[in-house]
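Architecture at a glance
As a plain string of letters, each chain reads:
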Amino acid sequence: MSNNLSRRKFLKVVAGSGLVGFGAMVTGCKGDSPDGRGWIPDQYQGKGDFPVNLKGRVAIAASNPSIERDDEKCILCGQCIEACQNVMAVYGNYPLPLKMEVACVNCGQCAMWCPSGAITEKRSIREVAAALDDESKFVVVQTAPATKVSLGEEFGMEPGSIVNEKQVGALKALGFDAVFDTCFSADLTIMEEASEFVHRLTSAKDEIPHLTSCCPGWVKYCEYFYPELMHNLSTCKSPQSMLGAVIKSYYAQKNNLKPENIVSVSIMPCTAKKFEAARGEMEVDGQRDTDLVLTTRELAVLLKHRGIDLNTVPDAQYDSILGESTGAGRIFGATGGVTEAAVRTAYFMVTGSNPPAALLNWQPVRGLTAVKEAAADIPGAGTVNIAVCHGLKNARELLDGIKKQGSSKWQFIEFMACPGGCIGGGGQPKSTVAAQPEARLKRIAAIYREDVNAPKRCSHENSEIQAVYKEFFGSPLSKKAEKYLHTTYTNRHDRLFD
Ligand code: SF4
Ligand code: SF4
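Structural notes, computed from the coordinates. Since we're looking at a predicted model, the values are computed, not measured.

Here the focus is helix α15 (residues 437-452). Helical periodicity: at 3.6 residues per turn, an α-helix aligns residues three or four positions apart in one direction. Under the 1.5 Å per step criterion, the end-to-end length of α15 is 22 Å for 16 residues, consistent within 8% with the ideal 22 Å. Looking only at α15, the buried set comprises A439, R440, R443, I444, A446, I447, Y448, E450 and D451. For α15, the elements touching its buried residues are α6 (164-174), α12 (327-330) and α13 (337-351).

Right under this line is the structure:
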């Protein structure tokens, strides 16, 4: 194609000529796999009418810390609008003209759905590479649970391949000074959040239902559209930010490191984690909790650029003292995982005993049903009714239902912005069948294999967690824990609505 006629302009001409269907051939997007299924979302499969008609696209502010678009690659297909409106219920749910800012919860689902690769995460690869090359810096990295069951896809492995030790080995080969496990801080989150939930259940009933807070896309959605529920959000930071705060305090002290010399990087399945890392609230004593965030896709680019193949790199183990995790911490990556992990430890906190086997294999909160309901009998606390919701469109329907009824029948509600939870995050590999349930289910199955094979299944059993409380925080919800591990929220409703 000549330089004078870009791909996008060419498709405009085609569309203007009424040649609907021609776009599939031009873009090469359809029929890529032998069974006719590729990475185009289901509604475009097998109909032979991939729409070239110009549908517009989502607006992306230049200041968006999570996503950006290369306009020359955009074919104006409108799929980003479909994802934003029909999966995430953001686009179309605020008045136009825009009031103060372009509404975006930074989820990156538009990037997952964009067939031409025009929308991508806003990359931080150069900054991470520069930090690794700077010998005056102590560069640490953490890896989220969902990356361990998806990174392999970028290196030709099947969805659901578990690459725990391979990922650690690859990060050490890149030159990181220490590799920590976000599953460790998922266990820390559970210690704080289960304590907070038990407190709310017994003494702060106006903060029930308890709404989870580890998904930054959901948190921003609540701040935009349901600010009246912000006091129901858990005040716990996410595992990413908790670990960042612990690295620059407890870890730095124990290893005689100056916090200002530490560069804290995280590998996340999520583009909204870049937004979370940039939030003003995610800072303690002038130190940012997280300095740089790479998505799973960006890590694959960096590894390939430096000639590191995940298939052949030697295995390695996470570094102490922030590297041990239990099965509970590992299931955070799947929808329902936070709930299951929290109930295991809440049960222990109330009864003094570990939960029965049924709560260690709690099927009602697992799987891809839009809204899952479950009830946990906790002796001393009664029956706790729970809902688990993933996909923000489902969240909108659930919350509008609660508003209409004037009360919630659930005491605990887990929200994850992306379909399937973090395993379906907007920063995950697109190299296989990212937008389809089969890949999500394989990643989820791998996460639960990790849980069942873990030597410890409950967060309170993690010996490194026990040590951080003994040596640094004292106890969950202590003043020190509040300072480093909890946060506040920002009402964003007025930025969109009069
Ligand atoms: S999905 Fe991608 S190619 Fe399609 S309109 Fe949106 S940005 Fe453009
Ligand atoms: S990142 Fe999410 S909220 Fe923002 S435009 Fe894309 S789909 Fe919409």
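Don't stop here, the text continues.
What follows concerns a nonpolar patch on the surface. Taken together, the side chains of F348, M349 and V350 present a nonpolar region at the surface, about 190 Å² in accessible area. Tracing the chain through its elements places F348 in helix α13. For F348, a relative accessible area of 31% puts it in the partly exposed group.

On to the sheet that holds strand β10 (residues 371-378), then. Strand order in the open sheet formed by four strands is β5-β12-β11-β10, with mixed pairing between adjacent strands. Only two strands of the sheet have a single neighbouring strand rather than two, namely β5 (210-211) and β10. This element, α13, spans β10, β11 (382-390) and β12 (412-416) of the sheet and lies at about 150° to β12.

If you check the shell around ligand 2, you find I67, C84, V90, C104, V105, N106, C107, G108 and C110 and nothing else. Per-class residue counts for the shell around ligand 2 are seven nonpolar, two polar and no charged.

Okay, the packing of aromatic side chains next. Per the stated rule, a full pass over the model turns up 13 aromatic pairs. An aromatic cluster is defined as three or more aromatic residues linked by ring pairs; in this entry it consists of Y221, Y224, F225, Y226 and F497. The aromatic ring of F275 is capped on one face by K220, whose charged end is 4.2 Å from the ring centroid. Note that R396 overlies the ring of F225, its terminal NZ or CZ placed 4.6 Å from the centroid.

This next bit is on the pairing of strand β3 (residues 138-143). Of all six residues making up β3, five are buried, and the element is well covered by its neighbours. Direction of pairing for β3 relative to strand β6 (residues 262-268): parallel, over a ladder of six bridges. Of the residues in β6, the one forming a bridge with V139 is V263. Here β3 runs beside strand β4 (residues 178-181); their pairing, made up of four bridges, is parallel. The residue of β4 that forms the bridge with Q142 is F180. Since β3 and β4 lie parallel, the crossover through α6 that links them has a hand, and here it is right-handed.

Mapped onto the secondary structure, E464 falls in helix α16 (residues 463-473). Only 3.2 Å separates the side chain of E464 from the side chain of S320, close enough to count as a polar contact. Leave out the neighbours within four places in its chain, and E464 touches F184, S320, I321, L322, G323 and E324.

Turning our attention to the sheet that holds β3. Read across the open sheet, the four strands follow the order β4-β3-β6-β9; overall the sheet is parallel. Single-partner strands in this sheet number two, and they are β4 and β9 (292-295). Neighbour-to-neighbour, the strand axes of this sheet turn through a mean angle of 25°, independent of strand direction. Bridge count between β6 and β9: four bridges; the pairing is parallel. The residue bridging M268 from the neighbouring strand is T295, located in β9. With respect to the sheet, helix α5 (residues 125-133) is in contact with β3, β6 and β9, its orientation differing from that of β9 by roughly 120°. On top of the sheet, helix α7 (residues 182-203) reaches β3, β4 and β6; it is set at about 40° to β4, its chief contact.

Definitions and limits used
- Residues numbered from 1 in each chain as written.
- Chains lettered and ligands numbered in written order.
- Predicted model: local features only at pLDDT ≥ 70, side-chain atom pairs only at ≥ 80, totals over all residues.
- Heavy atoms only, no water.
- Helix = DSSP H or I, 4+ residues; strand = E, 2+ residues; numbered from the N terminus.
- Expected span 1.5 Å × (residues − 1).
- Buried < 20%, exposed > 50% of the residue type's maximum accessible area, 1.4 Å probe, protein only.
- Contact = heavy atoms within 4.5 Å.
- Patch = residues over 30% accessible without salt bridge, like charges linked within 9 Å, V, L, I, M, F, W, Y side chains within 5 Å.
- Areas by Shrake-Rupley, 256 points an atom, 1.4 Å probe, with all protein chains shown as cover.
- Salt bridge = Lys/Arg side-chain N within 4 Å of Asp/Glu carboxyl O.
- Pairing = 2+ DSSP bridges.
- Axes fitted to C-alpha atoms, helices over the stretch in contact; angles between N-to-C directions.
- Near = heavy atom within 4 Å.
- Nonpolar A, V, L, I, M, F, W, Y, C, P; charged D, E, K, R; others polar.
- Phe/Tyr/Trp six-rings, centres within 6.5 Å; stacked < 30°, edge-to-face > 60°.
- Lys NZ or Arg CZ within 6 Å of the ring centre and 35° of its normal.
- Right-handed = clockwise from strand over helix to strand, strands pointing away.
- Polar contact = N/O pair within 3.5 Å; in protein donor to acceptor, adjacent residues only side chain to side chain.

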